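# Structural features, examined
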Amino acid sequence: MSDDRPTVAPEPRRNSDGTVTVTTLDAGNIRVACPAWCFVEHGYRVPPAKAEITHRSEPVWALVDTPEHGPTSLVEVSLVQWPYSDRDAVFLGVETDDGFLEVGPAGARRVATALREHADHIDAMADQLMNLPVGEDQ
């Protein structure tokens, strides 16, 4: 086998005590105990480093159903943790135009505040739309 061929990770093994055994590149088999909110199966395409093992909650999307376009999603949030890394705290993961951001409690509250303020701005713009003249000379 060529050295540049990726190694396929073995499927994680469910243990009778509720843990999952994951094969890692740097630490062999690791027995992972998931928090109650973790919904991932811990299957990896290639064997991860121990520090790359990730707990994630099910993503929750802000959804909207508009008359013009039907249902669509706006922003995704989830809990995320790398329990074997130097960043082992639980974060709020937020999918943004800038990528996937991980923030702590203070950052999470700022995200919520910004979304509420943005909702107020959108309401004001909806009022403005209702008051615009209809026709070609707008």
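The structure presented is a predicted model; accordingly, all values stated were derived computationally and were not measured.

Helices and strands together make up the secondary structure of the chain, namely one helix and eight strands. Along the chain, helices (α) and strands (β) appear in the sequence β-β-β-β-β-β-β-β-α when read from the amino end. Computed over its C-alpha atoms, the radius of gyration of the chain comes to 22 Å, more than 25% above the 14 Å expected for a compact globule of 138 residues. Principal-axis analysis of the C-alpha atoms gives the chain an extent of 70 × 35 × 25 Å. Looking at the 138 residues of the chain, the share that counts as buried comes to 22%. Relative to all contacts within the chain whose residues are 6 or more apart in sequence, the contacts with residues 24 or more apart total 29%. Surface summary for the chain: the accessible area is close to 10200 Å², and the carbon and sulfur share equals 54%. Distance between charge centres in the chain, computed from 11 positive and 23 negative side chains, equals 14 Å.

Ordered in space as β1-β2-β3, the three strands form an open sheet in which the pairing is antiparallel. Of all the strands in the sheet, just β1 (13–14) and β3 (28–32) have a single pairing partner and so form its edges. Judged from the two bridges that link them, β1 and strand β2 (residues 20–24) form a sheet pairing that is antiparallel. Counted as the bridge partner of Arg-14 is Val-20 from β2.

In this structure, His-55 sits in strand β4 (residues 55–56). A polar contact is formed between the side chain of His-55 and the side chain of His-42, at a distance of 3.4 Å. Discounting residues that sit within four places of it in the chain, His-55 has contacts with Val-32, Ala-33, Cys-34, Pro-35, Trp-37, Cys-38, His-42, Leu-79, Val-80, Gln-81 and Pro-83.

Our next topic: the pairing of strand β5 (residues 60–66). Regular strands have side chains that alternate between both faces of the sheet. Summarising the sheet, β5 and strand β6 (residues 70–81) pair through seven bridges and their orientation is antiparallel. Each residue of the ladder has a partner; that of Thr-66, found in β6, is Gly-70. Where β5 folds back onto β6 in an antiparallel hairpin, the turn is made up of three residues.

Before going further, it helps to spend a moment on the nonpolar core. Core analysis: the biggest nonpolar cluster contains five residues, these being Val-20, Val-22, Ile-30, Val-32 and Ile-53. Counting only elements with at least two residues in this core, the list comes to β2 and β3. The contact partners of Val-20, leaving out residues within four places of it in the chain, are Pro-12, Arg-13, Arg-14, Asn-15, Ile-30, Arg-31, Val-32, Glu-41 and His-42.

The next subject is the packing of aromatic side chains. Under the definition given, this model contains one aromatic pair. Arg-87 extends its terminal NZ or CZ atom over the ring of Phe-91, reaching a point 4.7 Å from the ring centre.

Tracing the backbone shows Gln-81 in strand β6. A polar contact of 2.7 Å, which involves the side chain of Gln-81, links it to the backbone oxygen of Asp-88. Other than its neighbours up to four places away in sequence, Gln-81 contacts Pro-35, Trp-37, Ile-53, Thr-54, His-55, Asp-88, Ala-89 and Val-90.

Analysis parameters
- Residues numbered from 1 in each chain as written.
- Predicted model: local features only at pLDDT ≥ 70, side-chain atom pairs only at ≥ 80, totals over all residues.
- Heavy atoms only, no water.
- Helix = DSSP H or I, 4+ residues; strand = E, 2+ residues; numbered from the N terminus.
- Rg over C-alpha atoms; globule rule 2.2 N^0.38 Å.
- Buried < 20%, exposed > 50% of the residue type's maximum accessible area, 1.4 Å probe, protein only.
- Contact = heavy atoms within 4.5 Å.
- Areas by Shrake-Rupley, 256 points an atom, 1.4 Å probe, with all protein chains shown as cover.
- Lys, Arg positive; Asp, Glu negative; His and termini not counted.
- Charge placed at Lys NZ, Arg CZ, Asp CG, Glu CD.
- Pairing = 2+ DSSP bridges.
- Polar contact = N/O pair within 3.5 Å; in protein donor to acceptor, adjacent residues only side chain to side chain.
- Core = buried A, V, L, I, M, F, W, Y, C linked by side-chain atoms within 4.5 Å.
- Phe/Tyr/Trp six-rings, centres within 6.5 Å; stacked < 30°, edge-to-face > 60°.
- Lys NZ or Arg CZ within 6 Å of the ring centre and 35° of its normal.

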